[in-house]
Amino acid sequence: MTDTISFLNELTSLLGERGLIREPDAMARYTSDWAGDTLGMPLAVARPANTQEVAEVAKRCYEHGVAMTPQGGHSGLVAGALPAAHGQELVISLERLNNVRAIDPINFTMTVDAGCILENVKLAAAEQDCDFPLSLGAQGSCQIGGNIATNAGGLNVLRYGMMRELVLGLEVVLPDGRIWESLNTLHKDNRGYDLRQVFLGSEGTLGIVTGAVLKLSPRPTQNRTALLGLPSVQAVIDLYSLARRDCCDLLTAFELIPRRCIELAIEATPELSDPLDSAYPWYVLMEVAATGPIDLGSMLEQLLETGMERELVLDGALASSDTQSAQLWQFRESMLEGQRRRGEHLRTDISVPISSLPDFVSRASDVVMAASPECEIIAYGHVGDGNLHFNILPPLSMADSDKKAHLHDLEERLFEVLDDVNGSISAEHGIGRTKQAPYLARLSPIERELISGVKALFDPKGLMNPGRILPAKQ
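A brief look at the structure comes next. (Residues numbered from 1 in each chain as written. Predicted model: local features only at pLDDT ≥ 70, side-chain atom pairs only at ≥ 80, totals over all residues. Heavy atoms only, no water.)

### Things to note about the overall build of the chain
Next, step 1: A count of helical and extended segments in the chain gives 15 helices and 18 strands.
Next, step 2: The C-alpha atoms of the chain give 23 Å as radius of gyration, which agrees with the globular expectation for 474 residues (23 Å, within 12%).
Next, step 3: When its C-alpha atoms are laid out on the principal axes, the chain stretches across 75 × 55 × 45 Å.
Next, step 4: Sequence separation of at least 24 residues holds for 73% of the intrachain contacts in the chain that already meet a minimum separation of 6.
Next, step 5: For the chain, the exposed area adds up to about 20700 Å²; of that, 50% sits on carbon and sulfur atoms.
Next, step 6: Put simply, the chain has 40 plus and 63 minus side-chain charges, and the middle of one group is 6 Å from the middle of the other. (Helix = DSSP H or I, 4+ residues; strand = E, 2+ residues; numbered from the N terminus. Rg over C-alpha atoms; globule rule 2.2 N^0.38 Å. Contact = heavy atoms within 4.5 Å. Areas by Shrake-Rupley, 256 points an atom, 1.4 Å probe, with all protein chains shown as cover. Lys, Arg positive; Asp, Glu negative; His and termini not counted. Charge placed at Lys NZ, Arg CZ, Asp CG, Glu CD.)

### Overview of the sheet that holds strand β2 (residues 44-46)
Next, step 1: If you trace the four strands from one edge of the open sheet to the other, you get β1-β2-β4-β3, paired in mixed fashion. Both outer strands of the open sheet, β1 (20-21) and β3 (67-71), are each paired with one neighbouring strand and no more.
Next, step 2: Across two bridges, β1 lies against β2 in antiparallel orientation. Bridge pairing links L20 to A46 in β2.
Next, step 3: Contacts from helix α3 (residues 51-64) reach β2, β3 and β4 (89-93) within the one sheet, and its direction differs from that of β4 by about 170°. (Pairing = 2+ DSSP bridges. Axes fitted to C-alpha atoms, helices over the stretch in contact; angles between N-to-C directions.)

### A closer look at the nonpolar core
Next, step 1: Ranked by internal contacts, the top residues of the largest apolar core, which has 56 residues, are L239, L251, F254, M286, F360, L388 and F390.
Next, step 2: Top contributing element to this core by residue count: helix α8 (residues 233-246), with eight residues.
Next, step 3: Both domains that meet at this core, namely domain 3 (222-341) and domain 4 (350-420), each give it at least three residues.
Next, step 4: Residue contacts for F360: discarding those within four places in its chain leaves I350, V352, S365, L388, F390, L414, V417, L418 and V421.
Next, step 5: Grouped together as the second largest cluster of nonpolar side chains are 30 residues, I144, I148, Y160 and L214 included. (Core = buried A, V, L, I, M, F, W, Y, C linked by side-chain atoms within 4.5 Å. Buried < 20%, exposed > 50% of the residue type's maximum accessible area, 1.4 Å probe, protein only. Domains from an automatic or database assignment.)

### Brief notes about the pattern of salt bridges
Pairing is possible between side chains that carry opposite charge, provided their charged atoms lie close to one another.
Next, step 1: For the structure on display, the rule yields 30 salt bridges.
Next, step 2: Residue E10 is joined to R60 by a salt bridge in which the shortest nitrogen-to-oxygen separation is 3.1 Å. One end of the pair, E10, is in helix α1 (residues 2-15); the other, R60, is in helix α3, and 50 residues separate them in sequence.
Next, step 3: Judged by relative accessible area, E10 falls into the partly exposed class, the value being 27%.
Next, step 4: Residue R60 is classed as buried on the basis of its relative accessible area of 18%.
Next, step 5: A salt bridge links E263 to R259, with the nearest nitrogen and oxygen atoms 3.4 Å apart. A residue pair is termed a helical-turn pair when its members lie 3 or 4 positions apart in one helix, as E263 and R259 do in helix α9 (residues 259-268) at four residues.
Next, step 6: The network of salt bridges with shared partners includes R259, R260, E263, E267, D274, R342 and E376. (Salt bridge = Lys/Arg side-chain N within 4 Å of Asp/Glu carboxyl O.)

### Some remarks on the side chain of H389
Next, step 1: For H389, the position within the fold is in strand β18 (residues 387-393).
Next, step 2: A polar side-chain atom of H389 sits 3.3 Å from a polar atom in the side chain of E428.
Next, step 3: If we ignore the near neighbours within four places in the chain, the residues touching H389 are T348, D349, I378, A379, Y380, G381, H382, E428 and H429. (Polar contact = N/O pair within 3.5 Å; in protein donor to acceptor, adjacent residues only side chain to side chain.)

### A closer look at the packing of α9 against helix α11 (residues 322-340)
Next, step 1: Direction vectors running N to C along α9 and α11 enclose 80°, while the axes themselves pass 7 Å from each other. Classified by the angle their axes make, α9 and α11 are roughly perpendicular. Contacts between α9 and α11 involve C261, I262, L264, A265, I266 and A268 on the former and, on the latter, F331, S334, M335, E337, G338 and Q339.
Next, step 2: Counted by class, the contact of α9 with α11 contains eight nonpolar, three polar and one charged residues. (Parallel < 35°, antiparallel > 145°, perpendicular 65-115°, else oblique. Nonpolar A, V, L, I, M, F, W, Y, C, P; charged D, E, K, R; others polar.)

### Describing the state of the cysteines
Next, step 1: As enumerated under the stated definition, the model contains zero disulfides in all.
Next, step 2: A disulfide-free cysteine, C142 has its sulfur positioned 12 Å from the sulfur of C116, the nearest such atom.
Next, step 3: Cysteine C375 remains unbridged, with the sulfur of C261 as its closest cysteine sulfur at 14 Å. (Disulfide = S-S within 2.5 Å.)

### Some points on unusual backbone geometry
Next, step 1: Positive phi is not limited to glycine here, since D129 has a value of about 60°.
Next, step 2: Looking at where D129 falls in the secondary structure, it is placed in the loop between α4 (118-127) and β7 (130-131).
Next, step 3: For I469, which is not a glycine, the phi torsion comes out positive at approximately 65°.
Next, step 4: As for its position among the elements, I469 is in the segment after α15 (445-458).
Next, step 5: Overall, I469 belongs to the buried group, its relative accessible area being 12%.

### Some thoughts on the sheet that holds strand β17 (residues 376-382)
Next, step 1: What the seven strands build is an open sheet, ordered β15-β12-β14-β13-β17-β18-β16; its pairing is antiparallel. Two strands lie at the open edges of the sheet, namely β15 (315-318) and β16 (350-351), each paired on one side alone.
Next, step 2: Bridge analysis of β17 against β18 gives seven bridges, and the strand direction is antiparallel. Following the sheet pairing, H382 is matched in β18 by N387.

### A short note on the packing of aromatic side chains
Next, step 1: Per the stated rule, a full pass over the model turns up five aromatic pairs.
Next, step 2: Summarising the aromatic geometry, the rings of Y240 and F254 are spaced 5.4 Å apart at their centres and angled 65° between planes, so their arrangement reads as edge-to-face. Taken as a pair, Y240 in helix α8 and F254 in strand β13 (residues 251-258) lie far apart in primary sequence, 14 residues in all. Like F254, Y240 is buried. (Phe/Tyr/Trp six-rings, centres within 6.5 Å; stacked < 30°, edge-to-face > 60°.)

### Quick notes on a negative patch on the surface
Next, step 1: Residues D295, E301, E305 and E309 make up a contiguous surface patch of negative charge.
Next, step 2: Examined against the element boundaries, E305 turns out to sit in helix α10 (residues 296-309).
Next, step 3: Overall, E305 belongs to the partly exposed group, its relative accessible area being 43%. (Patch = residues over 30% accessible without salt bridge, like charges linked within 9 Å, V, L, I, M, F, W, Y side chains within 5 Å.)

This is the structure in structure tokens:
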């Protein structure tokens, strides 16, 4: 205890009273994520104000053998940034590193602190007539560092790619406190190994991202949004194939939404009403965007006309203003809140080949319903990148004490179907703690050896976010 108190006093001297939180009540908000998951209480919460302070905190943790948990905006879904139950991890919050360092609208780059909130980054880019295209439901709270650590995806991967494609340079504090600075603004750089890609998606297990150079795009001057009713998942995929060719790279989003999600959205947001005159089994929320003299309205209308002629589209609503577009997207946002209100449920984040989506949804639904006829399946996602959130609500009559084991069994059955189509158990949320066991079970011996070697090289003491992705060092 004396050593712990001495260590914390040392951090207080370094960071000041504002920079270190030690009281349990004040630390409570750092112990849960968006889903409401809570694991334990940290040793303390460090709140450094700049990269040098992050480095000094890491250096002292390394010297004292204290485990570190880098933390962003509390929007993770795999318990990757939550402090462990044993109470011996120091949470290092990046929330005070929130400056936009530079914007170059000619080079289409932006250099930011890792603690910048995604929405603020997007607004800063828009002020320079640019666009940072990463779009997430949690963009009002998630931070750039967390987006990098999890290789965030979101709604616009179809057009712009995941975070790996949107980061040109990084600044990272290594576990021993050294700073690797490679804030490269070059769009082409082919010099040897690309170390930045090692940290993208590493979930804070190799170092703490403190800064990044982001790739911007021209800000779209027009967009068109449509919500369409369709008869089947196969019709959704056939329409996507048509849209991908007819709209080409102007297609920015193509979301699969089941009828139940529309109902959940209306339950969560009473001001919403049924978007179409009739109810349909499946819906598509799609958007096209462009800069310049392109007639997006005619393009979208022609696509829908062809879709109706082929009996792929049964009905649809086209937004004629930004306000109407926002109302259509509200269904996509509110359906998540509707699910959360149902309490504990299985959240999955899987990916399959796009052409395999109809078969996978059918087979997976049959397997799950055979094992649990009273459960409720909610399968939705980003069609353009094959990312499906195949979520399962347990039977309403099931006792709370039985839900966790039941949902775990259903997940294992679901993953077996996923293996048959060579899918992935994680498309964009990462591995963290909650997906570690199925992740490790699917690693080949050589993959396990290489991944463990990377971890050992960067973090030989096993102090950086231990127990995430790989088991903690014993």
